[in-house]
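What the coordinates show
The primary structure of each chain is shown beneath.
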Amino acid sequence: MSSPIEKVRIIVVGDSGVGKTSLIHLLANEEPLLSPGWTVGAQLEVKLHEYKEGNPAQNTFFIEFWDIGGTSHHLNARKVFYQPTNGVILVHDLTNIKSYENLQNWLLEILDKDTKDTKAVIWENIDPEQFIGSTQIPILIVGTKMDLLEAKDTKILQYKKLGTKNIGEWCNAEEINISCHNVRSLSSGTTDSIKFTRFFDKVIERKYYMSNKEANFLDKRRVYPNMSFSSTTPIKLFSPT
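Residues numbered from 1 in each chain as written. Predicted model: local features only at pLDDT ≥ 70, side-chain atom pairs only at ≥ 80, totals over all residues. Heavy atoms only, no water.

Looking only at helices and strands, the protein features eight helices and six strands. Written out in order from the N terminus, the α and β elements of the protein read β-α-β-β-α-β-α-α-β-α-α-β-α-α. Sequence separation of at least 24 residues holds for 68% of the intrachain contacts in the protein that already meet a minimum separation of 6. Total accessible area computed for the protein in this model is approximately 13,200 Å², and 51% of it derives from carbon and sulfur atoms. (Helix = DSSP H or I, 4+ residues; strand = E, 2+ residues; numbered from the N terminus. Contact = heavy atoms within 4.5 Å. Areas by Shrake-Rupley, 256 points an atom, 1.4 Å probe, with all protein chains shown as cover.)

Averaged over every residue, the pLDDT of the protein is 77; residues scoring 70 or more account for 69%. Note on residues 131–135: pLDDT under 50 across the span, and 17 contacts to partners over four residues away in sequence or across chains. (pLDDT = per-residue confidence, 0-100.)

Bringing unusual backbone geometry into the picture now. In this structure, Pro-84 follows Gln-83 across a cis peptide bond, with omega equal to -5°. As for its position among the elements, Pro-84 is in the loop between helix H2 (75–78) and strand E4 (87–93). Its identity as a non-glycine residue notwithstanding, Lys-145 has a phi of 65°, on the positive side. Inspection of the secondary structure puts Lys-145 in the loop between strand E5 (139–144) and helix H5 (151–161).

The next point concerns the environment of Gly-14. Assignment of secondary structure puts Gly-14 in the loop between strand E1 (7–13) and helix H1 (20–29). Counting along the chain gives 75 residues from Gly-14 to Ile-89, while the straight-line C-alpha distance between them is 8.5 Å. For Gly-14, the residues in contact, after removing those within four places along its chain, are Lys-20, Gly-70, Val-91 and Trp-106.

Once that is clear, we can look at the sheet that holds E4. Note on sheets: strands pair through backbone hydrogen bonds, and any given pair is parallel or antiparallel. Spatial ordering of the open sheet is given by E2-E3-E1-E4-E5-E6, a layout of six strands whose pairing is mixed. With partners counted over all chains shown, the strands left at the sheet margins are strand E2 (42–51) and strand E6 (174–177), one partner each. Put simply, the sheet's adjacent strands are angled 25° from each other on average, direction ignored. The pairing of E1 with strand E3 (residues 59–68) spans six bridges and is parallel. The residue of E3 that forms the bridge with Ile-10 is Phe-65. Each of E1, E2, E3, E4 and E5 touches H1; the most contacted strand, E2, lies at about 35° to it. (Pairing = 2+ DSSP bridges. Axes fitted to C-alpha atoms, helices over the stretch in contact; angles between N-to-C directions.)

Bringing H1 into the picture now. Most of H1 sits inside the fold, with nine of its ten residues counted as buried. Lys-20, Thr-21, Ser-22, Leu-23, Ile-24, His-25, Leu-26, Leu-27 and Ala-28 are the residues of H1 that are buried. Tucked inside the fold, the buried residues of H1 contact E1, E2, E3, E4, E5 and helix H7 (191–209). Just downstream of H1 lies Glu-30, where phi reads positive at about 55°. (Buried < 20%, exposed > 50% of the residue type's maximum accessible area, 1.4 Å probe, protein only.)

Structure representation (structure tokens):
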């Protein structure tokens, strides 16, 4: 009898209307969603993923994408969907710089911080060690609606990002800009496809293949990328400034 297929759980968060549902549908079904609706609470999509495809360690896993509704009216209700979490995809709309800035609020919410007055929260004082337990969960940042941007808009977006906290650098997350109507961007071998695959593999690895000792060691390297550590180096984690 074959063994049951293991699964990982990835929550997908971001402001209402940024395209989370369209993104998840594209990832799970490899086709665009023509008429997306509004998500109330949360909805679930599942896909099969080949971990370490082409290597001796290859194995099949289910990936659960939990599409979390982004309206503020469901703030308290949606928190019940955050546990357990093996990975996080933060989604923003490339045509709306505010949705990128608000990714900070979403991380604070996942950290279970009080987000009623986000201006009073000092981002630099957040300890990465507090990120849902003693080890950090893999994070991916996805910008949607790439098809609605013109060349000049891309330059403006990059300029505006310089004035905001770079969430990707802080949490060591790769960033992908995508059009959810362009299936070809996720074709095998494309840059975006490789980044998604690498992220899914990391989520699976953290849950099933990495010991707590190894996970803690990597977390130190994420906070201090230019320093050398042994697996026994004692260190107090804090957010870089």
